[in-house]
Amino acid sequence: MTSSARAYVLAMAAGIGMAISATSGQAGSHAVSENVVEVADGIYAFDPNDGYNSMFVVTDDGVIAVESVNSQHATGLLEAIKSVTDQPVRFLLQSHNHWDHASGGSVFREAGATIMAHEKAVEWMEANPGQDMVLPDEIWSGARKDITLAGTTLELHYMGMNHGLGMTVFRLPEEKVVYIADLVTPKRVLFTIVPDFNIKEWLRTLNEIEALDFDMAVFSHSNSGSAIGSKQDIAESREFITDLQGAIVAEFQKGTNPFAIASTVKLPKYEEWAGYNQWLEMNAWRVMLDMWMGPFPWQPE
Ligand SMILES: [Zn+2]
């Protein structure tokens, strides 16, 4: 990707909400600084306006950070943590395998943190080294792991295939907060060509996330003007996908030439969402091909 294309993609990922993204979107949360919002007691969202949001949890027995993104983002995240606590960072958790989320870990390793990711993410990382990505120190497997520090529990949920490998949804059961990477981006259509998403398994996962008990969500990407949202954002993303599938089926039923369907499909209900004009046709191609060929990518669990 050229640097201008990369800048464009990053700007779209950050989107229309960039200028006001430091403002809190949820009652109960409040801005600690320009880039940090306290979501709930001891739980913080970090949004440095680079298109990627992280989360960190402060306890009396150390800090857990989620999503280092890259070395520049990770450096800012570590500074943000130090601005609110003297506690050491005990863990850095990666949500999934992709380079654009799981890089920058060395910043936290040097600060003494243990880097963790799901086994399926780590297998990919070992096979596909990233320039700015270090391999995790600890690997977890299965559907669930809990980390408890000083009475605060962070649940790690692996829900199977959906996007990338080893995708982990994080939940704080007491505070009813979740962290969701890539699976939901409030107020934005699907990302470009919908890379590395299995649509069927994604919809299943979104239903499973909606069934979790939580009030607030921190999203790795958001176009709502805040990194923080709610269960409603999960429902809206799920509805966008099913609305797009419905519009494609309707064109098939009308007898529209399959090669003209992607450019024909319109979803005016979402025309205010980020990426609508630029990406809807790409979204439609990808979702149509998934319906046509069968779900991909896929692997046995
Ligand atoms: Zn990803």
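For the structure, check the block above.
Residues numbered from 1 in each chain as written. Predicted model: local features only at pLDDT ≥ 70, side-chain atom pairs only at ≥ 80, totals over all residues.

### Focus: the overall build of the chain
Thinking step 1. Counting secondary structure elements, the chain contains nine helices and 14 strands.
Thinking step 2. The globule rule puts the C-alpha radius of gyration for 301 residues at 19 Å, and the 19 Å found for the chain is close to it.
Thinking step 3. Here the chain holds 301 residues, and the buried ones make up 47% of them.
Thinking step 4. For the chain, the share of sequence-separated contacts (at least 6 apart) that also reach a separation of at least 24 residues comes to 64%. (Helix = DSSP H or I, 4+ residues; strand = E, 2+ residues; numbered from the N terminus. Rg over C-alpha atoms; globule rule 2.2 N^0.38 Å. Buried ≥ 20, exposed ≤ 12 C-beta atoms within 10 Å, placed from the backbone. Contact = placed C-beta atoms within 7 Å.)

### Some words on the pairing of strand 6 (residues 89-93)
Thinking step 1. Taken across its five residues, strand 6 has four buried, putting it largely inside the fold.
Thinking step 2. Two strands pair when backbone bridges link them, and strand 5 (residues 62-66) and strand 6 are joined in this way by four bridges, in the parallel orientation. Counted as the bridge partner of Ala65 is Leu92 from strand 6.
Thinking step 3. In this fold, the crossover linking strand 5 to strand 6 by way of helix 2 (residues 71-84) has right-handed handedness.
Thinking step 4. Bridge count between strand 6 and strand 7 (residues 114-118): three bridges; the pairing is parallel. For Leu93, the partnering residue across the bridge sits in strand 7 and is Met116. (Pairing = 2+ DSSP bridges. Right-handed = clockwise from strand over helix to strand, strands pointing away.)

### With respect to the packing of helix 6 (residues 199-211) against helix 7 (residues 231-254)
Thinking step 1. Packing of helix 6 against helix 7 brings their axes to within 10 Å, and their N-to-C directions diverge by 155 degrees. When the axis of helix 6 is compared with that of helix 7, the two are roughly antiparallel. In this structure, helix 6 crosses over helix 7, and the sense of that crossing is left-handed. Contact with helix 6, carried on its side by Ile199, Leu203, Leu206, Ile209 and Glu210, involves Lys231, Ile234, Ala235, Ser237, Arg238 and Ile241 of helix 7 and no other residues of that element.
Thinking step 2. Partitioned by chemical class, the residues of the contact of helix 6 with helix 7 number seven nonpolar, one polar and three charged. (Axes fitted to C-alpha atoms, helices over the stretch in contact; angles between N-to-C directions. Parallel < 35°, antiparallel > 145°, perpendicular 65-115°, else oblique. Left-handed = near helix turned anticlockwise from the far one by under 90°. Nonpolar A, V, L, I, M, F, W, Y, C, P; charged D, E, K, R; others polar.)

### Things to note about the sheet that holds strand 13 (residues 216-219)
Thinking step 1. Spatially, 9-10-11-12-13-14 is the arrangement adopted by the six strands of the open sheet, whose pairing is mixed. Looking at the sheet topology across the chains shown, the edges are occupied by strand 9 (144-149) and strand 14 (228-229).
Thinking step 2. Relative to strand 14, strand 13 runs antiparallel, the two sharing two bridges. Of the residues in strand 14, the one forming a bridge with Ala217 is Gly229.

### Details of the pairing of strand 12 (residues 177-180)
Thinking step 1. Burial of the side chains of strand 12 extends over both faces: Val177 and Tyr179 are buried on one face and Val178 and Ile180 on the other.
Thinking step 2. Direction of pairing for strand 11 (residues 168-172) relative to strand 12: antiparallel, over a ladder of three bridges. Considered in strand 12, the bridge of Phe170 is made with Tyr179.
Thinking step 3. As paired strands, strand 12 and strand 13 are joined by four bridges and run parallel to one another. Within strand 13, the position partnered with Val177 by the bridge is Met216.

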